[in-house]
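# Coordinate inspection notes
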Amino acid sequence: MAIFALVDCNNFYASCERLFQPHLRGRPVVILSNNDGCVIARSDEAKSLGILMGTPAFKIRQLIKAHDIAVCSSNYALYGDISERVMRVLGESAPNQEIYSIDECFLDLDRLSVPNLTQWCRNLRHQTMQWTGIPVSIGIGPTKTLAKLANRLAKKSVRESGVLNFMDDPIRIDTALRETSIGDVWGIGRRWTQKLEERGIHTAHDFANAPDAWVRQCMGVVGLRTVHELRGIACHALADQPAPKQTTCYTRTFGTAIYDKMQIQDAVTCFTEQAAAKLRKTGQVAGAVQLFIQTDPFARNVPKKSVSGLTTLDRPTSNTRAIATAVTQIFDRIWQDGYGWRKAGVHLFDLSAPDQIAPSLLDVIETPNDSLMKAVDHINTRYGRGAARMGFASKNAAWQMQQAHVSPRFTTKWAEIPAVRMM
DNA sequence: TCTGGGGTCCTAGGACCC
DNA sequence: TCTGGGGTCCTAGGACCC
């Protein structure tokens with residue numbers, strides 16, 4: 001039988017902010033999305049004040065004041081770097097690791113021969129805390145879905161001290177399934193929760209005991225897999241080799257609505273640069289590019305609009321100039337005056353590794369700008385994003401996102417490394 | 001006044017082929 | 001009057017995840 005562990009960082013973004021800002025410890029902390037829009041992470045203290053994920057920041061302004069809640073803009077340079085450290089510690093401890101998201105990974109403990117799995121996980125938890133400063137919880141089960149469930153309960157329960165092991169414990173699994181709402185099961189989102197509730201399925205236990213044929217008919221193979229996983233039959237293997245990406249994108253909401261074509265053209269060029277740089281980082285090329293611009297979907301009493309255009313690139317590339325040329329052509333084609341545009345994005349499709357591309361006759365004539373792109377990437381890595389670029393955007397361009405409460409890049413930027421003064 | 005960003009997988013239906 | 005069956009590929013849309 002397979003043995004999966006799910007390791008999940010507790011309140012990851014809040015924990016990262018607290019690492020270098022001890023005054024945030026013990027205080028309620030919330031982290032806001034880009035543009036300081038909504039709450040995307042909370043400390044335990046903030047959770048117990050009833051602040052929900054996704055709440056728009058303006059709706060909790062009173063609460064913030066009343067409880068002296070610390071507010072942070074999101075700082076992905078920091079979170080990404082801390083995540084790499086945590087993942088390295090965890091990855092080195094187990095035979096196989098699947099990094100599932102910025103703050104969680106699955107470990108394959110099948111081939112790990114230790115006398116006491118629970119104790120081994122407690123030690124791992126302790127070591128991670130000691131080496132990175134980030135608290136984690138660990139759930140262990142025969143399937144990924146059950147490991148996820150164990151992890152949820154490990155977090156909630158003080159008695160389990162951060163580790164909950166389902167292996168060889170059918171009674172515990174049964175109790176856990178009965179106590180878990182259907183909507184808290186991994187793979188069951190809002191829509192399906194509603195549908196299942198309407199049909200009298202309220203808990204993970206109800207779902208696990210639903211007839212296969214019925215689940216297959218209502219929810220397809222995806223739902224059926226979840227049912228099997230809840231019963232302890234593994235349907236999802238550990239993906240220790242990250243699959244190459246099929247699409248990538250760079251999309252942003254502007255700091256304010258923009259009417260001026262030149263300004264949006266500038267933003268779009270910047271977004272294209274970022275998207276192309278992402279592609280080069282994974283060593284891929286794109287076969288097609290799509291650009292969209294849209295107005296504020298929440299604004300009242302103003303016309304709403306969303307336009308987009310897609311184009312196939314002459315040949316797959318990761319070259320900023322080639323992609324930007326295509327994007328500019330799309331932009332001119334779809335642009336419409338008179339709207340206050342609020343958001344734009346560049347999507348790249350049909351990604352592949354360059355060696356999969358059949359050589360074209362054009363290759364003989366065209367000179368790829370590979371060395372130029374390498375130089376640009378190098379400068380931006382060394383001197384910070386935007387040091388070398390094609391557009392002319394100023395840091396204060398109106399479309400730039402608002403980040404009023406962003407913390408320093410403590411671990412990735414020389415100028416922002418915390419200083420310790422000896423008294 | 002103020003509402004994020006980046007992904008994956010599956011399915012149904014149409015076009016097309018033999 | 002009579003009008004198959006099986007397959008692939010592509011796309012749009014819906015669901016989910018963090």
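- Named according to an unreviewed UniProt entry, chain A is DNA-directed DNA polymerase originating from Candidatus Phycosocius spiralis.
- As stated in UniProt under Catalytic activity (unreviewed entry), the record for chain A gives "DNA(n) + a 2'-deoxyribonucleoside 5'-triphosphate = DNA(n+1) + diphosphate".

## Things to note about the protein's contact with DNA strand C
- If you check the shell around DNA strand C, you find 14 residues, and the closest are E104, K148, G187, R191 and W192.
- Per the 4 Å cut-off to the protein, sugar and phosphate atoms form 100% of the nearby atoms of DNA strand C.
- One nitrogen or oxygen atom from the side chain of D103 is found 3.2 Å from a sugar or linking oxygen belonging to DNA strand C.
- The backbone of I188 places a nitrogen or oxygen atom 3.3 Å from a phosphate oxygen of DNA strand C.
- Contributing elements (two or more residues each) for the surface near DNA strand C: strand 5 (96-101) and helix 8 (190-198).

## Some details on the side chain of D8
- Residue position: D8 is located in strand 1 (residues 4-9).
- The class of D8 is buried, set by a relative accessible area of 11%.
- Within the structure, D8 has its side chain in polar contact with the side chain of K155 (distance 3.0 Å).
- Excluding anything up to four places from it in sequence, D8 contacts D103, E104, P135, V136, S137, N151 and K155.

## Some words on helix 11 (residues 261-281)
- The terminal C-alpha atoms of helix 11 lie 30 Å apart, and with 21 residues this matches the ideal 30 Å at 1.5 Å per residue to within 8%.
- Directly beyond the C-terminal end of helix 11, a positive phi value near 70° is found at G283.

## Brief notes about the protein's contact with DNA strand B
- With respect to spatial proximity, 25 residues lie near DNA strand B, and among them R61, T248, T251, R252 and T253 are the closest.
- In DNA strand B, the atoms that sit within 4 Å of the protein are 71% sugar and phosphate, with bases accounting for the remainder.
- Here a phosphate oxygen of DNA strand B and a side-chain polar atom of R225 are 2.9 Å apart.
- Contact between DNA strand B and Q246: a phosphate oxygen at 3.1 Å from a side-chain N or O atom of the residue.
- Elements supplying a minimum of two residues to the surface near DNA strand B: helix 10 (212-230), strand 9 (248-258) and strand 12 (341-349).

Cut-offs and rules
Residues numbered from 1 in each chain as written. Chains lettered and ligands numbered in written order. Predicted model: local features only at pLDDT ≥ 70, side-chain atom pairs only at ≥ 80, totals over all residues. Heavy atoms only, no water. UniProt positions renumbered as here; feature names shortened; annotations may be inferred. Near = heavy atom within 4 Å. Polar contact = N/O pair within 3.5 Å; in protein donor to acceptor, adjacent residues only side chain to side chain. Helix = DSSP H or I, 4+ residues; strand = E, 2+ residues; numbered from the N terminus. Buried < 20%, exposed > 50% of the residue type's maximum accessible area, 1.4 Å probe, protein only. Contact = heavy atoms within 4.5 Å. Expected span 1.5 Å × (residues − 1).

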